[in-house]
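Here are the chains, one letter per residue:
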Amino acid sequence: MKFSYVISCQKFGEQKSNGDAHAQDIIDLMARYPALRVAYIEEKEIIVDNMPHKVYSSVLIKAENNLDQEIYRIKLPGPPIIGEGKPENQNHAIIFTRGEALQTIDMNQDNYLEEAYKMRNVLQEFVRHPRDQTPTILGLREHIFTGSVSSLAGFMSYQETSFVTIGQRFLADPLRVRFHYGHPDIFDRMFHLTRGGISKASKTINLSEDVFAGYNSILRRGHITYNEYIQVGKGRDVGLNQISKFEAKVANGNSEQTLSRDIYRLARRFDFFRMLSCYFTTVGFYFNSLISVVGVYVFLYGQLYLVLSGLQSALLIKAHHQNMKSLETALASQSFLQLGLLTGLPMVMELGLEKGFRAALSDFILMQLQVASVFFTFSLGTKAHYYGRTILHGGAKYRPTGRKFVVFHASFTENYQLYSRSHFVKAFELIFLLIIYHLFRKSDGKFHVMVTYSTWFMAMTWLFAPFLFNPAGFAWHKIVDDWSDWNRWMMNQGGIGVQPEKSWESWWNAENAHLRYSVLSSRIIEVLLCLRFFVYQYGLVYHLKISHDNKNFLVYLLSWVVIISIVGLVKLVNCASRQLSSKHQLIFRFIKLLTFLAVVTSFILLSCLCKLSIMDLIVCCLAFIPTGWGLLLIVQVLRPKIEYYAIWEPIQVIAHAYDYGMGTLLFFPIAVLAWMPIISAIQTRVLFNRAFSRQLQIQPFIIGKTKRR
């Protein structure tokens, strides 16, 4: 009874009125622990002047005779959840706490009896320091207890453990830039209640609400410390989709921090060295991730320009004549791309301090054998995409992950929805750049490998990591179900009320919705970035054998005639499908046959008269596919202006064809590997190595219930 324990459960009133079993569970919990209190928001409708009027209240209850009994009720001026959910949930319940210290613990956390005995020592930290160094936030260590679920959970556990131990220790002293990164930190309650509370809850900008409490504390001359002699258990996400959603949410939050007044004021008031420390330990980490990925693109587009313009061959010939080895080496140079090795160094240091460096080295080698480099490279793409997109267009939002013990199979459709724009499209772009560089390069094989090996690794990682880390990702019966689901999702009609999970059309509209609310400057930047896709066509059409080395601008204009003809054919087939497919099937099929014969005849004539070769067809695909994608991205920006015109329908058909083609290309190698049962067995062993070492039968959990047809 020395402490008050308050659970802030804003949904309790709604659950109780709906007869939800969770409400009775909460009452049973209070009956079992008499000191426990629950705060919730009550919404009640009353009649005032013959008009219905909603009244909102914050209510604190306890258990009495296995029933809930009201202790306090505070009338609220209106609906309290107007900002982000979690900080608003804290803000409405903080009034029911008492005392000088306040510890906030999430529902995904645990505690240990032996650690609870240390609470008296921790509270003495508030009084044992000099008055000008009295801590306003006491940082505590966390113990991640979900690391043994799978290899992915182990990677997250090691990464999180290194951050909440050696990372925060260094941030607190000597850098003095530790903020509040979540719970279970202990707040000086009186300090924060009189200075804005422990949670900033403005919509969108305070998506990462925890760190703003630290910013607020430091800006108001508070002092934040870190104590490692006490720890609280914590469960982290254990499935790749959960982890990616969490990292997307954190990246979104960091982009909003970059634009916030708080980080601006901190940077203005810190001294130079503390400002740099603050930058590199907050928004700078995500900005550097974005710059790392952008650097790869700049390098590859530079190489594309060199090989397509002929500059590379000219420079190499000149270097060969003048015996200039340094120039050839410079052309083949590439900055070292972190492949997960550098990311793992803090983990090795922390494990070395706690377990000994021999055990740390063996754990690190085991992580590499479990393809940790693939996970961290994939994670780099997640951070860069969501940070960059939110900086440009805004639209940061909370992404619920559920924090479940995920050992079940995620469908191909779910993976495609989640990673299509953040990873798959970018990986295909890298592959196109690498293929063109390989076809037209003039350097020898050794330098070619030096230039491109890490980029190939990044592209393959971004394409196949979601399936590599997907339980039963190579099980044949799952692959068959996934293919059926994929085709059903692609063909379902979208529209108002149809969820993105049910239809490609609804997902496509939702995925590009952020462009509708983007400001003019962001739209202009988006269009300028899309112009890079037109470089392929401009450079490649002059390398076609059919052009006979003609460098006239007319060749480039003729290539646009081909693109316009393709769009016209799509429009023709689409109109015929809409008007004739239901009532005049024979005529519709005859039109499709004529269209097919016309295309084949065109290829035959070009082959006979203009010497069109198979290599020319491949180069045309490499030229026109990126151009089509660039046009799709630009018309998405211009959608509010053109979506009501006739041109919009063929655009949507082409977009559907692009997504279906990308999905099929991704699915084919996975299906081929699924034919070999040994691949599925190896994948399961790599993912759940610790479970096998404890002789746990993991297969029944992965397979789950087979879908009935």
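As recorded in an unreviewed UniProt entry, the protein goes by Glycosyl transferase 48 domain-containing protein and comes from Aegilops tauschii subsp. strangulata.

If you look at the biggest cluster of nonpolar residues, it comprises 85 residues, and the most contacted ones within it are Phe-375, Phe-469 and Leu-540. Per-element tally for this core: the top contributor is helix α19 (residues 412-440), with 16 residues. Excluding its chain neighbours within four sequence positions, the residues that come into contact with Phe-375 are Leu-152, Phe-155, Met-156, Gln-159, Leu-240, Ile-243 and Phe-469. One finds Phe-179, Phe-212, Ala-213 and Ile-218 within the second-largest nonpolar core, a separate group that totals 18 residues.

Turning our attention to the sheet that holds strand β5 (residues 101-103). Strand order in this open sheet of 5 strands is β5-β8-β7-β9-β6, and the pairing throughout is mixed. Each edge of the open sheet carries a strand with a single partner, namely β5 and β6 (109-110). Inspection of the sheet shows β6 paired to strand β9 (residues 224-234) by 2 bridges, in the antiparallel sense. In the strand pairing of β9, Gln-109 is matched with Lys-234.

It is worth spelling out the sheet that holds strand β3 (residues 51-64) at this point. Spatially, 4 strands are ordered β1-β2-β3-β4 in an open sheet, and the strand pairing comes out mixed. The strands lining the two open edges of the sheet, one partner per strand, are β1 (5-8) and β4 (67-76). Neighbour-to-neighbour, the strand axes of the sheet open up by a mean angle of 40°, direction not taken into account. Sheet analysis places strand β2 (residues 36-48) next to β3, joined by 11 bridges and oriented antiparallel. Pairing of Val-48 across the sheet is with Met-51, part of β3.

Looking now at the pairing of β9. Burial of β9 is extensive: 9 of the 11 residues sit out of reach of the surface. Two elements, strand β7 (residues 137-144) and β9, share 8 bridges in a ladder whose sense is parallel. When the sheet's bridge partners are listed, Leu-140 is paired in β9 with Asn-227.

The extent of an interface is frequently quoted as the accessible surface area lost upon association of the parts. Parsing the protein into structural domains produces domain 1 (1-98), domain 2 (100-283 + 357-376 + 385-397), domain 3 (286-356 + 377-384 + 398-492) and domain 4 (518-643). Between domain 3 and domain 4, the buried area comes to about 1,200 Å², and carbon and sulfur atoms account for 80% of it. For domain 3, the biggest contributors to the area lost against domain 4 are Leu-308, Phe-432 and Phe-440; these three give 41% of the whole. Taken together, the links from domain 3 to domain 4 amount to 1 salt bridge. The shortest N-O distance in the salt bridge between Glu-429 and Arg-532 comes to 2.7 Å. In this assembly, domain 3 and domain 4 are joined by 3 residue pairs in polar contact (both at pLDDT 80 or more).

This next bit is on the pattern of salt bridges. As a working rule, side chains carrying opposite charge can pair if their charged atoms are close by. Inspection of the entire model under this criterion finds 28 salt bridges. In this structure, Arg-178 and Asp-185 form a salt bridge, with 3.3 Å as the shortest nitrogen-oxygen distance. A single burial state applies to Arg-178 and to Asp-185, both of which are buried. Overlapping salt bridges bring together Arg-141, Arg-169, Glu-228, Glu-350 and Glu-354 as one network.

This part covers unusual backbone geometry. In this chain, Asp-173 is followed by Pro-174 through a cis amide linkage whose omega measures 20°. Even without being glycine, Asn-65 reaches a positive phi, approximately 55°. Of note, Asn-65 is situated in the loop between β3 and β4.

Orientation of α19 relative to helix α27 (residues 614-637), taken along the N-to-C sense of each, is 145°, at an axis distance of 12 Å. The handedness of the crossing between α19 and α27 is left-handed. Contacts between α19 and α27 involve Arg-421, Val-425, Phe-432, Ile-435, Ile-436, Leu-439 and Phe-440 from the first element and Met-615, Val-619, Cys-621, Leu-622, Ile-625, Pro-626 and Trp-629 from the second. Grouping the amino acids of the contact of α19 with α27 by side-chain chemistry returns 13 nonpolar, no polar and 1 charged.

Turning to helix α22 (residues 504-511), a few remarks are in order. Judged by how many residues are buried, α22 sits mostly within the fold: 6 of 8 residues are covered. Here α22 has its buried residues at Trp-504, Glu-505, Ser-506, Trp-507, Trp-508 and Glu-511. The N-cap residue of α22 is Ser-503: its side-chain oxygen and the backbone nitrogen of Glu-505 are 3.2 Å apart.

The next subject is the environment of Glu-88. Mapped onto the secondary structure, Glu-88 falls in helix α3 (residues 85-93). Residue Glu-88 is classed as buried on the basis of its relative accessible area of 11%. Along the chain, Glu-88 and Ser-202 lie 114 residues apart, while their C-alpha atoms are 9.1 Å from each other. Leave out the neighbours within four places in its chain, and Glu-88 touches Pro-80, Ile-81, Ile-82, Gly-83 and Ala-201. In terms of polar contacts, Glu-88 uses its side chain to reach the backbone amide nitrogen of Gly-83, at 3.1 Å.

Counted by the stated rule, this structure contains 37 aromatic pairs. Between Phe-412 and Trp-486, the ring centres sit 5.2 Å apart and the planes meet at 85°, which makes this aromatic pair edge-to-face. Remark: Trp-486 occurs in helix α21 (residues 476-491) and Phe-412 occurs in helix α19; sequence separation between them is 74 residues. Accessibility assignment for this pair places Phe-412 and Trp-486 in one class, buried. In textbook terms, an aromatic cluster arises when at least three aromatic residues are bridged by ring pairs, as seen for Phe-378, Phe-412, Tyr-416, Tyr-419, Phe-424, Phe-467, Trp-483, Trp-486, Trp-489, Trp-507, Tyr-660 and Phe-667. The aromatic ring of Phe-246 is capped on one face by Arg-236, whose charged end is 4.3 Å from the ring centroid.

On to helix α23 (residues 520-530). Within α23, burial applies to Ser-522, Arg-523, Glu-526 and Cys-530. Around the axis of α23, the buried residues are gathered within 100° of arc, so they sit on the same side. Residues of α23 that are exposed and angled more than 90 degrees away from the buried face: Leu-520 and Leu-528. Contacts made by the buried residues of α23 are with α18 (372-393), α24 (534-540), α27 and α28 (639-642).

Here the focus is the environment of Ile-198. Positionally, Ile-198 belongs in the loop between α8 (189-193) and α9 (209-219). Along the primary structure Ile-198 and Leu-632 are separated by 434 residues, whereas in three dimensions their C-alpha atoms are 45 Å apart. Excluding residues that lie within four positions of it along the chain, Ile-198 makes contacts with Gln-90, Ile-94, Leu-102, Thr-104, Phe-187, His-192 and Ala-213.

On to the environment of Tyr-72, then. Position of Tyr-72 relative to the elements: it lies in strand β4. For the pair Tyr-72 and Ala-475, spaced 403 residues apart in sequence, the C-alpha separation works out to 56 Å.

What follows concerns a nonpolar patch on the surface. Judged by side-chain polarity, Ile-435, Leu-439, Leu-569, Leu-572, Val-599, Phe-603, Leu-606, Ile-614, Met-615, Leu-617 and Ile-618 come together as a nonpolar surface patch covering roughly 840 Å² of accessible area. Elements with a minimum of two residues in the nonpolar patch: α19, α25 (553-580), α26 (585-609) and α27. Here the nonpolar patch takes 4 residues from α27, the largest share from any one element. As for its placement among the helices and strands, Val-599 is situated in helix α26.

Criteria and thresholds
- Residues numbered from 1 in each chain as written.
- Predicted model: local features only at pLDDT ≥ 70, side-chain atom pairs only at ≥ 80, totals over all residues.
- Heavy atoms only, no water.
- Core = buried A, V, L, I, M, F, W, Y, C linked by side-chain atoms within 4.5 Å.
- Buried < 20%, exposed > 50% of the residue type's maximum accessible area, 1.4 Å probe, protein only.
- Helix = DSSP H or I, 4+ residues; strand = E, 2+ residues; numbered from the N terminus.
- Contact = heavy atoms within 4.5 Å.
- Pairing = 2+ DSSP bridges.
- Axes fitted to C-alpha atoms, helices over the stretch in contact; angles between N-to-C directions.
- Domains from an automatic or database assignment.
- Buried area = accessible area lost by both parts, 1.4 Å probe.
- Salt bridge = Lys/Arg side-chain N within 4 Å of Asp/Glu carboxyl O.
- Polar contact = N/O pair within 3.5 Å; in protein donor to acceptor, adjacent residues only side chain to side chain.
- Left-handed = near helix turned anticlockwise from the far one by under 90°.
- Nonpolar A, V, L, I, M, F, W, Y, C, P; charged D, E, K, R; others polar.
- Phe/Tyr/Trp six-rings, centres within 6.5 Å; stacked < 30°, edge-to-face > 60°.
- Lys NZ or Arg CZ within 6 Å of the ring centre and 35° of its normal.
- Arc of directions from axis to C-beta.
- Patch = residues over 30% accessible without salt bridge, like charges linked within 9 Å, V, L, I, M, F, W, Y side chains within 5 Å.
- Areas by Shrake-Rupley, 256 points an atom, 1.4 Å probe, with all protein chains shown as cover.

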